[in-house]
Amino acid sequence: MAFDGFANVWTPVCFSKSLSATGPLHREVAGERIVLFRTPAGVGALMDACPHRGASLARGTVTAQGNLRCGMHGWVFNGAGDCLEVPWNNVSPSTRRRLAARSLPVVEAGELIWLFTGLRADAPPVIPELLCDPRPSRQHLAQLWPVHWTRVIENLLDPTHVGFVHPSTVGRGPLRQALKGSQLRMRRHEHKDGFMLSWETSDSKSEFQGLYWTPPNGWQHRVPNQSKFTAQMVWAVPVSRIETLVLFVALRPRSQRWPYRFLLNTVDRLVLHEDRRAIESQSPGPIEEAIHELNVPTDVGSLAFRDWYNKHCASSSAMMGPG
Ligand code: FES
Ligand SMILES: [Fe+2]
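Predicted model only: the values in this text are computed from it and were never measured.

Asks: So what exactly am I meant to see when it comes to the domain arrangement of the protein here?
Replies: Size of an interface: often given as the accessible area lost when the parts come together. You can read the domains of the protein as domain 1 (10–116) and domain 2 (132–312). Each partner contributes residues to the interface: domain 1 has ten residues there, and domain 2 has eleven residues. Of all the secondary structure elements, the ones that give two or more residues to the side of domain 1 that touches domain 2 are strand 1 (10–15) and strand 2 (25–29). If you tally residues by element for the side of domain 1 that touches domain 2, the top one is strand 1, at four residues. Residues belonging to the side of domain 1 that touches domain 2 are distributed by class as follows: six nonpolar, three polar and one charged.

Set out below in structure tokens:
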């Protein structure tokens, strides 16, 4: 059993630029150790424990042919996990077939590397179209937060925290509105890849649409009256029960002047920091332990996420077995 609480789903695990052509990269995803490396066919992902004696394959080297050589006794594996070489031993091809490492489905798209947390993926990952569009400029941030990933998703699906958590950055207006007694009415709209949240406030006629959630851990913020090249995206990738890798992408039109872009990038970092501090303070960490929490009508987003999480993710685990 593996990837408990996050099994059989696609998730990005790092930015493409983090994986060099010359060396393997270790990642921990939902408590499982993974090694990534570049192969002639693209990217390989193996469970990061050599099937011989359990050494971390991430301590090994990538060969000139794009295979991974274990750093302990030198066995060589390709991206599919097949064992190609066993130094010091004259091993027949049929015996070698039994010496495979466990490989995982992996794809590279939108400048991210996507891993499936199970043996076989029935469908490809859901990759936002705009992420693969070369026209916008992008800022990439990867941060490790000491929180459970579910709290990050809930925070992102909750516009009512903005005024109070970000009072001097993006929350000035919302804070003023909230303290004046404005009411917020939120709606959830299903779409083929998850749901979208829209809302209106009692002191403004305009309906704001723009928070999208894609199972299990993807989020997008789009504002309709901004350029179609403007979006923020986050994936909250579980590392363990107490750590989450936050992958953040901000897309902006290239026509934006650099000082302005620099300013927006700085604000993004500040806002992420403010969110992190608020989420770190939440207790308990995982939402499945938060059974005594109280809800109000504006909790539509987090309640919908909880519903999905409890049905599909919280008790999941993947059968992996030996390679
Ligand atoms: S532990 Fe990897 S080759 Fe022996
Ligand atoms: Fe926030």
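Asks: Where do I start with the sheet that holds strand 10 (residues 112–116) in this structure?
Replies: Strand pairing within a sheet occurs via backbone hydrogen bonds; the two strands may be parallel or antiparallel. With respect to topology, three strands assemble into an open sheet ordered 1-10-9, the strand pairing being antiparallel. In this open sheet, the two edge strands, each paired with only one partner strand, are strand 1 and strand 9 (106–109). When strand polarity is set aside, the average angle formed by the axes of neighbouring strands in this sheet is 30°. As paired strands, strand 1 and strand 10 are joined by five bridges and run antiparallel to one another. Residue proline 12 lies in a different strand from strand 10, and its bridge partner there is tryptophan 114.

Asks: Explanation requested: the pairing of strand 4 (residues 42–47) in the structure shown.
Replies: Within a regular strand, the side chains alternate between the two sheet faces. Here strand 3 (residues 32–39) pairs with strand 4 via six bridges, running antiparallel. Counted as the bridge partner of arginine 38 is valine 43 from strand 4. In this antiparallel pair of consecutive strands, strand 3 and strand 4, the connection spans two residues.

Asks: I tried to follow helix 2 (residues 149–156) on my own but got confused; where do I start?
Replies: Within an α-helix, residues lying three or four positions from one another point in the same direction, as the helix has 3.6 residues per turn. With respect to burial, helix 2 is a largely interior element, eight of its eight residues being buried. Within the sequence span of helix 2, burial applies to Trp149, Thr150, Arg151, Val152, Ile153, Glu154, Asn155 and Leu156. Against the buried residues of helix 2 lie strand 15 (218–221), strand 16 (231–240), strand 17 (243–252), helix 5 (258–280) and helix 6 (300–312).

Asks: Would you mind going over the nonpolar core with me for this structure?
Replies: General note: in soluble globular proteins, nonpolar side chains tend to be found buried as a group. Counting 64 residues, the largest nonpolar core has Ile34, Leu115, Val152, Ile153, Val234, Ala236 and Val237 as its most contacted members. Structurally, this core is a two-domain feature, drawing no fewer than three residues from each of domain 1 (10–116) and domain 2 (132–312). Excluding anything up to four places from it in sequence, isoleucine 153 contacts Asn217, Trp219, Ala236 and Phe305.

Asks: When you look at the sheet that holds strand 3 in this model, what are you seeing that I'm missing?
Replies: Reading across the sheet, the three strands line up as 2-3-4 and stay open at both edges, with antiparallel pairing between neighbours. Each of the sheet's edge strands pairs with one partner strand only, and the pair in question is strand 2 and strand 4. When the angles between neighbouring strand axes are averaged without regard to direction, this sheet yields 30°.

Asks: Where do I start with unusual backbone geometry in this structure?
Replies: Outside of glycine, negative phi angles account for most residues, and trans bonds account for most peptide bonds. A cis amide bond, omega -5°, links proline 215 with the succeeding residue proline 216. Put simply, serine 283 and proline 284 share a cis peptide bond, and its omega is 0°. The residue proline 284 is located in the loop between helix 5 and helix 6 in this model. The backbone phi angle of asparagine 8 is positive, close to 60°, even though this residue is not glycine. Residue class for asparagine 8 comes out partly exposed when judged on the 19 C-beta atoms lying within 10 Å of it. In this structure, tryptophan 88 takes a positive phi of about 75° despite not being glycine.

About the criteria used
- Residues numbered from 1 in each chain as written.
- Chains lettered and ligands numbered in written order.
- Predicted model: local features only at pLDDT ≥ 70, side-chain atom pairs only at ≥ 80, totals over all residues.
- Domains from an automatic or database assignment.
- Contact = placed C-beta atoms within 7 Å.
- Helix = DSSP H or I, 4+ residues; strand = E, 2+ residues; numbered from the N terminus.
- Nonpolar A, V, L, I, M, F, W, Y, C, P; charged D, E, K, R; others polar.
- Pairing = 2+ DSSP bridges.
- Axes fitted to C-alpha atoms, helices over the stretch in contact; angles between N-to-C directions.
- Buried ≥ 20, exposed ≤ 12 C-beta atoms within 10 Å, placed from the backbone.
- Core = buried A, V, L, I, M, F, W, Y, C linked by C-beta atoms within 7 Å.

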